[in-house]
Amino acid sequence: MKTFYITTAIDYVNGSPHLGHAYEKVLTDVIARFRRLMGDQVYFLTGVDEHGQKVQQTARARGVDPQQFCDEISQEFRALCAKLDISNDDFIRTTEKRHKDVVAKILQQLFDQGLIYKAEYKGFYSTRQEQFLQEKDRNPDGTWPELFGEVTEITESNYFFKLRQYQDWLVDFLKTNENFVFPRYRQKQVLEFLSEPLNDLCISRPKERLEWGIELPFDRDYVTYVWFDALLNYYSAVAEKPGIWPADFHVIGKDILVPPHAVYWPIMLKAAGIEPPKSLLAHGWWSINGSKMSKSTGNFVDPVSFADQYGVDALRFFMIREMSVGQDSDFSIDQFLSRYNSNLANDLGNLVNRTLNMTNRFAGGVIPAADESTTGDEPETALRALWESTKPEVLSLCEGFQFHVALERTFAFIQGINRYAEQRAPWKLGKSTDAADQARLRTTLAYMAEALRLGTALLAAVMPSTVVKINGVLGHTAGADWQADLVWGDKLTGNKVAETAILFPRPQAAEKK
Ligand code: MSP
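S.K.: How would you sum up the state of the cysteines? Please name residues and give values.
M.R.: Joining two cysteines, a disulfide is a covalent bond between their sulfur atoms. Tallied over the full model, the rule gives 0 disulfides. Free of any disulfide, Cys81 has its nearest neighbouring cysteine sulfur in Cys70, separated by 16 Å.

S.K.: I'd love a proper account of the packing of aromatic side chains, names of residues and values included.
M.R.: With the rule as written, the count across this model stands at 34 aromatic pairs. Measuring from centroid to centroid gives 5.1 Å for Trp387 and Phe413, while their planes differ by 55 degrees, and the two rings are tilted. Taken as a pair, Trp387 in helix α13 (residues 378–399) and Phe413 in helix α14 (residues 403–424) lie far apart in primary sequence, 26 residues in all. Assessed through its relative accessible area of 0%, Trp387 is described here as buried. Site record: aromatic cluster; members linked through ring pairs are Tyr23, Trp286, Phe306, Tyr310, Phe318, Phe331, Phe336, Tyr340 and Phe504. Between the NZ or CZ atom of Arg35 and the centre of the ring of Phe4, over which it lies, the distance is 5.8 Å. Geometry around Phe124 places Arg138 over its ring, the cationic atom sitting 5.0 Å from the centre.

S.K.: Pulling in residues and values, what's your account of the site of the ligand?
M.R.: The local shell around the ligand holds 24 residues, among which Ile10, Glu24, Asp49, Gly253 and Asp255 are the closest. His21 places a polar side-chain atom, nitrogen or oxygen, 3.0 Å from an oxygen atom of the ligand. At a separation of 2.8 Å, an oxygen atom of the ligand approaches a polar backbone atom of Gly253. Starting from 660 Å² of accessible surface for the ligand in isolation, the protein chains cover 94%. Residue assignment for the shell around the ligand shows that the elements contributing at least two residues are β2 (11–12), α1 (19–37), α7 (226–231), α8 (233–236) and β13 (249–253). The residue makeup of the shell around the ligand, split by class, is 12 nonpolar, 8 polar and 4 charged.

S.K.: Run through the pairing of strand β14 (residues 280–283), naming residues and quoting values.
M.R.: The side-chain alternation of β14 yields two buried faces, one formed by Leu280 and Ala282 and the other by Leu281 and His283. In this structure, strand β8 (residues 181–182) lies alongside β14, joined through 2 bridges in parallel fashion. Residue pairing in the sheet places Val181 in a bridge with Leu280 of β14. Judged from the 4 bridges that link them, β13 and β14 form a sheet pairing that is parallel. Looking at β14, one finds that Gly253 is bridged to His283.

S.K.: Please give an account of the sheet that holds strand β5 (residues 116–126) that cites residues and values.
M.R.: Taken in spatial order, the 4 strands make up an open sheet running β6-β5-β7-β9, and their pairing is antiparallel. Every other strand in the sheet has two partners, leaving β6 (131–133) and β9 (201–202) as the edge strands with one partner each. Of the strand pairs in this sheet, strand β7 (residues 151–161) and β9 are connected by 2 bridges, and their pairing is antiparallel. Pairing of Phe161 across the sheet is with Leu201, part of β9.

S.K.: I'd like a description of the domain arrangement of the chain, backed by residues and values.
M.R.: Segmentation of the chain into domains returns domain 1 (4–283) and domain 2 (333–511). The straight-line distance from the C-alpha centre of domain 1 to that of domain 2 is 44 Å. Overall, the association of domain 1 and domain 2 removes approximately 1200 Å² of surface from exposure, summing both partners, and the carbon and sulfur fraction of that is 77%. Among the residues domain 1 hides against domain 2, the three largest losses belong to Phe34, Leu37 and Met38. Together they make up 44% of the total. Taken together, domain 1 and domain 2 are joined by 1 salt bridge. Among the ionic pairs, Arg35 bridges to Glu399, the shortest N-O distance being 3.0 Å.

S.K.: Describe the pattern of salt bridges, listing the residues and the values that go with them.
M.R.: Scanning the entire structure with this criterion turns up 31 salt bridges. A salt bridge links Arg36 to Asp89; the shortest N-O distance between them is 3.5 Å. Highlighted residues: Arg36 in helix α1 and Asp89 in the loop between α3 (66–83) and β4 (90–93), separated in sequence by 53 residues. A salt bridge links Asp377 to Arg424, with the shortest nitrogen-to-oxygen separation between them at 3.4 Å. With Asp377 in the loop between α12 (333–363) and α13 and Arg424 in helix α14, this pair connects stretches of sequence that are 47 residues apart. Exposure remark for Asp377: the relative accessible area of 29% places this residue in the partly exposed category. In this structure Arg424 comes out as buried when scored by relative accessible area, which is 14%. Three or more residues joined by partner-sharing salt bridges are found here, namely Asp90, Glu96, Arg98 and Lys241.

Conventions adopted
Residues numbered from 1 in each chain as written. Predicted model: local features only at pLDDT ≥ 70, side-chain atom pairs only at ≥ 80, totals over all residues. Heavy atoms only, no water. Disulfide = S-S within 2.5 Å. Phe/Tyr/Trp six-rings, centres within 6.5 Å; stacked < 30°, edge-to-face > 60°. Helix = DSSP H or I, 4+ residues; strand = E, 2+ residues; numbered from the N terminus. Buried < 20%, exposed > 50% of the residue type's maximum accessible area, 1.4 Å probe, protein only. Lys NZ or Arg CZ within 6 Å of the ring centre and 35° of its normal. Near = heavy atom within 4 Å. Polar contact = N/O pair within 3.5 Å; in protein donor to acceptor, adjacent residues only side chain to side chain. Areas by Shrake-Rupley, 256 points an atom, 1.4 Å probe, with all protein chains shown as cover. Nonpolar A, V, L, I, M, F, W, Y, C, P; charged D, E, K, R; others polar. Pairing = 2+ DSSP bridges. Domains from an automatic or database assignment. Buried area = accessible area lost by both parts, 1.4 Å probe. Salt bridge = Lys/Arg side-chain N within 4 Å of Asp/Glu carboxyl O.

Quick look at the structure:
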């Protein structure tokens, strides 16, 4: 079986991780976990992008050696993954030997094939973006957009990769692989970009200007330019591992789709005789309180301390519930608390405690078997029917990366269980000595627990530790076969439940609202 290989972008280490980095990792993790649950063998790679001008500059400004600086910051990114329960199988750093060797090998190969040549280059250069700019990058008034920082005109000899030679191939490739980019409308943006002739790609920097990079194997006075180094991480991480390449999905932000991932990357691979990845998934960007996130203005969320304060799964849930994959979203504490209170604390947290409480009060803490004389009644058949329609819908939404809707449907099911409980009112049935009421009570307790187990199972990819906790209080351990676990049955009959569960304590700020 071919492994399902999924990657995130590798993050620049010139600053600490932010919410955007956290989101990309969580989204990729949700896809990876979902595929594993569906039975695929998954290889999940994330990592850091350590070379380049910005890192060199930041390290110098702090008076430390760039390697030492990278060692420190890359540790923060690893810690972010651990904190957020990211199930990555590998973490690559572009300063590792396994990466540098592959970059050097491919550069040499392309050079030997005559696909890399040296030429004089004169142009406007952005230090911040580490790229030469073109006339079309200017603002209508002739100035350079702010994102480029300081722009200066320079002339230097550099090495170029024959990108243009592959333009027609790429257009054909995109036309034959209509689903190369998700969401689909972004594939059109790639084709639009390709409607103009491509320039060959400058892939080097003279060492006197940039030392912190991978040396060109055919000219020691140069190091390779950021994209040629960074993109190859996806391949270098698995080059020695059979059965993994090509990647099934590169998950990236919309800013690095065109041209790096959708143009440079497939062409680099084609030129080197390596299979292209199967697809790219470009997600949107988070703003915070309606504006661009920025550490300097204080419009910033540190994902690690946020997760410490509100819970890892609450953060994971919010990001996945709030953002429609591909579109932009805004992060605000009010919106976070509103979803936290309504979905997590009320819908789910209350259902869990209700179920435990009723089972302890009226069944000695042991989940009873449903009583067959009552399972054909309307509330019971309606709840089972809701499950039977929810399950396939959620699975197909997840297959199509519509995780925000999948969560909405899952919580609609959880709300349905709460409605069922209110309708049956086990707190009343429990006080009756009538045999029919006692039969209904047993069924209600069994149905609440079983439906809760199923609803919880649907959250496995998004809120893994919450699922373990809820199963734990129900005396249950999920089986190895997730899809078999998604079948309505009586898996919990006879289980001893816990007294209570603390899942989503009310955050301070929510009380004030
Ligand atoms: N190092 C390059 C990527 C090389 S991939 C071979 C890079 N690094 S980055 O640190 O600037 O960004 C890493 C990822 O975070 C990118 O996919 C980027 O789109 C994403 N995000 C950065 N800011 C973001 C938001 N505000 N919101 C969502 N994702 C964002 O680019």
